[in-house]
2 protein chains.
Amino acid sequence: MKQIIECVPNYSEGRDKEKMEKILDCFRGKEGIKLLDYSNDINHNRMVVTLVGEYEPLKNAVVESVGKAVELIDLNQHEGQHPRMGAVDVIPFIPIKNATMEECIELSKEVGREIAEKYDFPVFLYEKSATAPHRENLAAIRKGEFEGMAEKIHEPEWRPDFGPAERHATAGTVAVGARMPLVAYNINLNTNRLDIATNIAKKIRHINGGFRFVKAMGVDLEDRGIVQVSINMTDFTRTALYRVFETVKFEAQRWGITIAGSEIVGLVPLAAIVDTAEYYLGLENFSIDQVLEAKL
Amino acid sequence: MKQIIECVPNYSEGRDKEKMEKILDCFRGKEGIKLLDYSNDINHNRMVVTLVGEYEPLKNAVVESVGKAVELIDLNQHEGQHPRMGAVDVIPFIPIKNATMEECIELSKEVGREIAEKYDFPVFLYEKSATAPHRENLAAIRKGEFEGMAEKIHEPEWRPDFGPAERHATAGTVAVGARMPLVAYNINLNTNRLDIATNIAKKIRHINGGFRFVKAMGVDLEDRGIVQVSINMTDFTRTALYRVFETVKFEAQRWGITIAGSEIVGLVPLAAIVDTAEYYLGLENFSIDQVLEAKL
C-alpha cells in the first residue's frame, strides 16, 4: 500500500451480528484496502470500523458500505446510549502516509457527493471539510439527533452540503469529513487527588489557554488509587506527545508529585512514536522511512 | 506479509551494473518477499541487498540469487577493499516480526544445505547458526579470504558445514547464518576531544566491561569539529538504545560535556523505536500492534 488513508466510519448497528457482518463484508478481500479493526458496543448500539487504504479503493468500499447500511438500518427502530443521526453516523478520513489533508478533504467530498446521489441521502461536510465554521464540530451538526433532524435540516444554516434537504426516512443523515489522526493519550499521576489532575488538565488544554491541539480532563482511577490526566491529542504533528508529557511532569512537581506512567489507547500513527524517540535521543536527520516496518 | 524475516546478502560485485541487475531481478515481482534496499560500493566492489519476506518465498529467492552470483562472479578476477571469500560472501537471516531466532537458524541451515547441493559449493554456518564457538564470528571464518580459503578449508576446524571441503574454483565459499538485527547508532558529543569519545566508547562496550550487546569506538567528525561515539547495537532487545544514550550522557558529564545529538544509520526495527518511546513516556501496557503501520 503506497498511500495510506485511514477511515473510521461509525454505523448505528451494534447488536445484530448478521447486519454487522454484511457491512464488514464490504471491506473484506478487496485490493488496496485493509480492515484493521472493528468494535461494536451493545449499549451504544453502534459499530466503529477502522480501515486503511488508497484513495480510490477506499472510496468505493466506503460508498458500498453506506448503501448496505441504508438498506439494513432503520433509525426509527434504533435505541442506544450514543447520540446518532444516521444509519451511518459519521465518516472521517485521516491522512496517514503519502497522503495530504487536501486529498482527504477531496476524498470526503467525493464520497459525500456520491452517497448523496446514489442513496438520495442528505450529507453534511464536517471538520476540515466543513463549508462554514459552525459546521466543523460534529456534535453541533448532530445536535437533535435523528429525531430532531426532521425539522433542523430545513433551517438555512443546516442545509446539507449534498443531497436533498430532507432527512432520509430511515437512514437519517451523515457527516463526512477529513481530520487529523487523534491520539488518545493518558498520563497517570502518583496521587489520589483528582483536583490536581483536573488542575493540570486545565493548564494544558486549549480551551483554558493550553496547547492548541489538546483536549484534557482529570479522571479518577479508583481501582489503582491514583488519578489521570486524560488527553485527546487532536494533532500530534503540531502539539507533540513528549511536549505534553514534559509539561504535565513539571506542573506536577509543584505539588511534589511524580508521574506514574502514561498510556496510549488504541492505534497511534508511527510518526507520533518516531517523533518521541527523535526528541529524547536528540536524533539528527532521522526519517520515518528508516523504520523497517514503514517500508513494507 | 504476516511474517517478516530480513535477509541482507552481500554479493562480491559492486561495479558491473548488468550483473548486479541480474542478481536483483531474483528479488523483484515475487509474491511474499520485498526488495527494500540495495547499495553497491565501487571501492569495495560489493553489493549489499536488504530483503524482507516470509520463510519459504525468501528461501527460494535467496537460493536463486546465489545461483545467479555463482554463474556471474569469478573471485579470481575480483578486486576490492572489502575482505571477501565468495561470490556471495555472507547471508544473514534476521527475525523481525512473527518470526523467532530458531526459525531463522532453521532457514539459514535449509538455505545452506540447498545451495551446497545445487551449486556444489562449500557453506559455513555462522553467528547463531554456528556449529562450534570458533565459527560464530564471520571475520574468523573469512580470515585469509578467497585466496587463503584454498588451503584453510582442508584444516579440520574449518571443514564446511555443507558441501564439498574444497573451495569452489570461481565462487569460493559463503557464510550463512541467523543473527539479531544490528542497529548502527552514533552519539555525538559537544567536544572535539577524540580521547573522550574513545574513553566513553570503552566504558560502554562489551569487550572492556560495558554492555553485553554493544560494540563502540571513538570517531572524529572533523567537518563538524566534534567527536562521536560510534556504536553497533548487536541486540537492542537486550541492550536498549535509551540505556546506552543515558549512559553516554552521564559519562560525558564527568568532563562537563553535553550530547550534541545522536543518529541511527540505515534501517531500524520498529521495536527499537517503540522501546525508546515506552521508556521516556513511561508507557504502560503498550503493544507494538498499536502502531498503525505495524498492522499493515
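Residues numbered from 1 in each chain as written. Chains lettered and ligands numbered in written order. Predicted model: local features only at pLDDT ≥ 70, side-chain atom pairs only at ≥ 80, totals over all residues. Heavy atoms only, no water.

A look at the overall build of chain A
Along the backbone of chain A there are eight helices and 11 strands. Relative to the globule expectation of 19 Å for 296 residues, the C-alpha radius of gyration of chain A, 21 Å, shows essentially globular dimensions. Across its three principal axes, chain A shows a C-alpha extent of roughly 60 × 45 × 35 Å. For chain A, long-range pairs separated by at least 24 residues make up 71% of all intrachain contacts whose partners lie at least 6 apart in sequence. Accessible surface for chain A amounts to roughly 12,700 Å². Of this, 46% is attributable to carbon and sulfur atoms. Positive and negative charge centroids in chain A, built from 36 and 45 side chains respectively, lie 3 Å apart. (Helix = DSSP H or I, 4+ residues; strand = E, 2+ residues; numbered from the N terminus. Rg over C-alpha atoms; globule rule 2.2 N^0.38 Å. Contact = heavy atoms within 4.5 Å. Areas by Shrake-Rupley, 256 points an atom, 1.4 Å probe, with all protein chains shown as cover. Lys, Arg positive; Asp, Glu negative; His and termini not counted. Charge placed at Lys NZ, Arg CZ, Asp CG, Glu CD.)

Re the sheet that holds strand 8 (residues 183-189) of chain B
All names here are of chain B. Pairing is antiparallel in the open sheet, where four strands are placed in the order 9-10-8-11. At either end of the open sheet lies a strand with only one pairing partner, and these are strand 9 (214-221) and strand 11 (259-265). The sheet shows a mean angle of 20 degrees between the axes of neighbouring strands, taken without regard to direction. Those strands touched by helix 6 (residues 194-204) are strand 8, strand 9 and strand 10 (226-233), and its axis lies near 175 degrees from that of strand 9. (Pairing = 2+ DSSP bridges. Axes fitted to C-alpha atoms, helices over the stretch in contact; angles between N-to-C directions.)

Digging into the environment of Thr191(B)
All names here are of chain B. Here Thr 191 is to be found in the loop between strand 8 and helix 6. Residue Thr 191 is classed as buried on the basis of its relative accessible area, which comes to 11%. For the pair Thr 191 and Trp 255, spaced 64 residues apart in the sequence, the C-alpha separation amounts to 9.7 Å. Look past the residues within four positions of Thr 191 in its chain and what remains in contact with it is Ile 196, Gly 225, Ile 226, Val 227 and Ile 257. (Buried < 20%, exposed > 50% of the residue type's maximum accessible area, 1.4 Å probe, protein only.)

Details of helix 6 (residues 194-204) of chain A
Residue and element names in this part refer to chain A. All of the buried residues in helix 6 are Ile 196, Ala 197, Ile 200, Ala 201 and Ile 204. The buried residues of helix 6 occupy an angular sector of 135 degrees when projected down its axis, which confines them to one face. Those residues of helix 6 that are buried are in contact with strand 8 (183-189), strand 9 (214-221), strand 10 (226-233) and helix 7 (241-252). (Arc of directions from axis to C-beta.)

Examining helix 7 of chain A
Spanning 12 residues, helix 7 of chain A covers 17 Å between terminal C-alpha atoms, matching the ideal 16 Å at 1.5 Å per step. Residues of helix 7 of chain A that are buried include every one of Leu241(A), Tyr242(A), Val244(A), Phe245(A), Thr247(A), Val248(A), Glu251(A) and Ala252(A), and no others. (Expected span 1.5 Å × (residues − 1).)

Points about the packing of helix 1 (residues 17-24) of chain A against helix 2 (residues 55-72) of chain A
To characterise two packed helices, one gives the angle between the axes of the helices and the distance between these axes. All names here are of chain A. Packing of helix 1 against helix 2 brings their axes to within 8 Å, and their N-to-C directions diverge by 160 degrees. Between helix 1 and helix 2, the angle is such that the two are roughly antiparallel. Where helix 1 crosses over helix 2, the handedness of that crossing is right-handed. Contacts between helix 1 and helix 2 pair Lys 19, Lys 22 and Ile 23 from the former with Ser 65, Lys 68, Ala 69 and Leu 72 from the latter. For the contact of helix 1 with helix 2, the class distribution of residues is three nonpolar, one polar and three charged. (Parallel < 35°, antiparallel > 145°, perpendicular 65-115°, else oblique. Left-handed = near helix turned anticlockwise from the far one by under 90°. Nonpolar A, V, L, I, M, F, W, Y, C, P; charged D, E, K, R; others polar.)

Notes on the environment of Phe211(A)
Residue and element names in this part refer to chain A. Along the chain, Phe 211 falls in the loop between helix 6 and strand 9. When its relative accessible area of 22% is taken as the criterion, Phe 211 is described as partly exposed. Taking the C-alpha atoms as reference points, Phe 211 and Asn 188, 23 residues apart in sequence, are found 19 Å from one another. Apart from residues lying up to four places away in sequence, Phe 211 is in contact with Ile 204, Arg 205, His 206, Thr 239, Arg 243, Val 244 and Thr 247.

Describing the interface of chain B and chain A
Reports often express the size of an interface as the amount of accessible area lost when the parts come together. The partner chain A presents 40 residues to the 40 residues of chain B that form the contact. When residues of chain B are sorted by the area they lose upon contact with chain A, Leu281(B), Glu284(B) and Leu292(B) head the list and together hold 20% of the total. Scanning the region where chain B abuts chain A turns up two salt bridges. Note that Glu284(B) is salt-bridged to Arg224(A), the shortest N-O span being 2.9 Å. At the junction of chain B with chain A, the criterion picks out 20 residue pairs in polar contact (both at pLDDT 80 or more). Going through the elements one at a time, strand 1 (4-7), strand 3 (33-41), strand 8, helix 7 (241-252), strand 11 and helix 8 (270-281) of chain B are the ones with two or more residues in the side of chain B that touches chain A. Ranked by the residues each element gives to the side of chain B that touches chain A, the list is headed by helix 8 of chain B, at seven residues. Across the side of chain B that touches chain A, the residue classes tally to 25 nonpolar, seven polar and eight charged. (Buried area = accessible area lost by both parts, 1.4 Å probe. Salt bridge = Lys/Arg side-chain N within 4 Å of Asp/Glu carboxyl O. Polar contact = N/O pair within 3.5 Å; in protein donor to acceptor, adjacent residues only side chain to side chain.)

So, the pairing of strand 5 (residues 88-97) of chain A
Residues and elements named next belong to chain A. The buried fraction of strand 5 amounts to 10 of the 10 residues, a majority that puts the element mostly inside the structure. Bridging between strand 2 (residues 10-11) and strand 5 involves two bridges; their strand directions are antiparallel. Looking across to strand 5, one finds that Tyr 11 is bridged to Val 88. Pairing of strand 5 with strand 7 (residues 174-178), which is carried by four bridges, proceeds in the parallel orientation. Each residue of the ladder has a partner; that of Val 90, found in strand 7, is Ala 175.

A closer look at the sheet that holds strand 11 (residues 259-265) of chain A
Residues and elements named next belong to chain A. In spatial order, the strands read 9-10-8-11; together these four strands make up an open sheet with antiparallel pairing. Here the strands that pair on one side only, and so sit at the sheet edges, are strand 9 and strand 11. Within this sheet the neighbouring strands show an average axis-to-axis angle of 20 degrees, counted without direction. In this sheet, strand 10 lies alongside strand 8 in antiparallel orientation, the contact comprising seven bridges. Among the inter-strand pairings, Val 183 is bridged to a residue of strand 10, identified as Met 233. Sitting on the sheet, helix 7 is in contact with strand 8, strand 9, strand 10 and strand 11, with an inclination near 20 degrees to strand 8.

Points about the relation of the copies chain B and chain A
The two copies are related by a screw motion: chain B maps onto chain A through a turn of 180 degrees and a shift of 0.1 Å along the axis, at an RMSD of 0.2 Å. On this basis, the relationship between the two copies can be described by a two-fold rotation axis. Across chain B, the smallest distance between a C-alpha and the rotation axis is recorded for Ala277(B), namely 2.7 Å. (Least-squares fit on C-alpha atoms with pLDDT ≥ 70 in both.)

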